[in-house]
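# Summary of structural features
Residues per chain, in single letters:
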Amino acid sequence: TILKTLNREKYTVPESYEPNVARKRQLEEDGDSDNEDATAKTGKPKTEGEEDVEILPVYVEARKLFNSHEVLPDSEIELKWKDCQPEQLKAFLVDEMGFNPERVQSNIEKLQKAHKTSKKPQMRMDSFFSLKPNPEADAKRAAKRKAEKEAAKKQAAAKKKKGKGGFHKKK
């Protein structure tokens, strides 16, 4: 991996670097919250002389967040499309997130207009693609059918002209 090919002379880790020391100090400064965390994890309160045997580095905890995150099962999730709530949307976007009020208002109006024009706010994919009539292809198909009918009539007439098939006496 990348650690095997890393130039260790150019990129070195300082000898004074200890990833868990700073985290231990931070946990000690938090004090009571650390005691509550220890109680929640082990079920028994942490004593003063007792230390955590292993504190995971931050990157390991971050990796755990991405690889084993909480997911709700499909049965608990229900999505329904309904009208937008302009007051709440505006409060969130303008007051909390700092968006431009005029732009937010214009886009809310567009959203409401789009929702009113269609009963379903999201259209099916096949509604974007429709067959358009092609008069040239229709004319070619009609000419081909007509030619086939005429050819069939000529063959039937040729059979009748030949006469009846089978064995018969010569005249």
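Residues numbered from 1 in each chain as written. Predicted model: local features only at pLDDT ≥ 70, side-chain atom pairs only at ≥ 80, totals over all residues. Heavy atoms only, no water.

### Section: the overall build of the chain
Within the chain, the secondary structure is distributed over seven helices and zero strands. Across the chain, helices and strands are ordered from the amino to the carboxyl terminus as α-α-α-α-α-α-α. When burial is assessed residue by residue, the chain has 6% of its 171 residues classed as buried. Taking the contacts inside the chain whose residues are at least 6 apart along the sequence as the reference set, 53% of them involve residues at least 24 apart. With an accessible surface of roughly 17,600 Å², the chain has 55% of that area assigned to carbon and sulfur atoms. (Helix = DSSP H or I, 4+ residues; strand = E, 2+ residues; numbered from the N terminus. Buried < 20%, exposed > 50% of the residue type's maximum accessible area, 1.4 Å probe, protein only. Contact = heavy atoms within 4.5 Å. Areas by Shrake-Rupley, 256 points an atom, 1.4 Å probe, with all protein chains shown as cover.)

### Topic: a nonpolar patch on the surface
Together, Leu72, Ile77 and Leu79 make up a nonpolar patch on the protein surface, roughly 350 Å² of accessible area in all. Position of Leu72 among the secondary structure elements: in the loop between helix H4 (58-67) and helix H5 (86-96). (Patch = residues over 30% accessible without salt bridge, like charges linked within 9 Å, V, L, I, M, F, W, Y side chains within 5 Å. Salt bridge = Lys/Arg side-chain N within 4 Å of Asp/Glu carboxyl O.)

### Section: the packing of H5 against helix H6 (residues 101-117)
Put simply, H5 and H6 touch, their axes get as near as 10 Å, and they point 145° apart. Of the two possible hands of crossing, H5 and H6 adopt the one that is right-handed. In this structure, H5 contributes Pro86, Leu89, Lys90, Leu93 and Val94 to the contact, and H6 contributes Pro101, Val104, Gln105, Ile108 and Gln112. (Axes fitted to C-alpha atoms, helices over the stretch in contact; angles between N-to-C directions. Left-handed = near helix turned anticlockwise from the far one by under 90°.)

### Points about H6
The end-to-end C-alpha distance of H6 is 25 Å, a good match for the 24 Å that 17 residues give at a rise of 1.5 Å each. If you check the start of H6, you find a side-chain oxygen 3.2 Å away from the backbone N of Glu102, and it comes from Asn100. (Expected span 1.5 Å × (residues − 1). Polar contact = N/O pair within 3.5 Å; in protein donor to acceptor, adjacent residues only side chain to side chain.)

### Brief notes about the pattern of salt bridges
Throughout the structure, instances matching the rule amount to one salt bridge. Measuring nitrogen to oxygen at the nearest pair gives 2.8 Å for the salt bridge that ties Arg141 to Asp138. Taken together, the residues span about one helical turn, with Arg141 and Asp138 both in helix H7 (residues 135-162) at a distance of three residues.

### Quick notes on the confidence of the model for the chain
Predicted coordinates in regions of low pLDDT should not be interpreted in detail. For the chain, per-residue confidence averages 77 on the pLDDT scale, and residues scoring 70 or more make up 69% of the total. When the criterion is pLDDT under 50, residues 38-44 qualifies, and its contacts beyond four places in sequence or with other chains add up to five contacts. (pLDDT = per-residue confidence, 0-100.)

### A word on the environment of Glu109
Counting through the fold element by element, Glu109 comes out in helix H6. Distance in space between the C-alpha atoms of Glu109 and Pro86 is 8.8 Å, their sequence separation being 23 residues.

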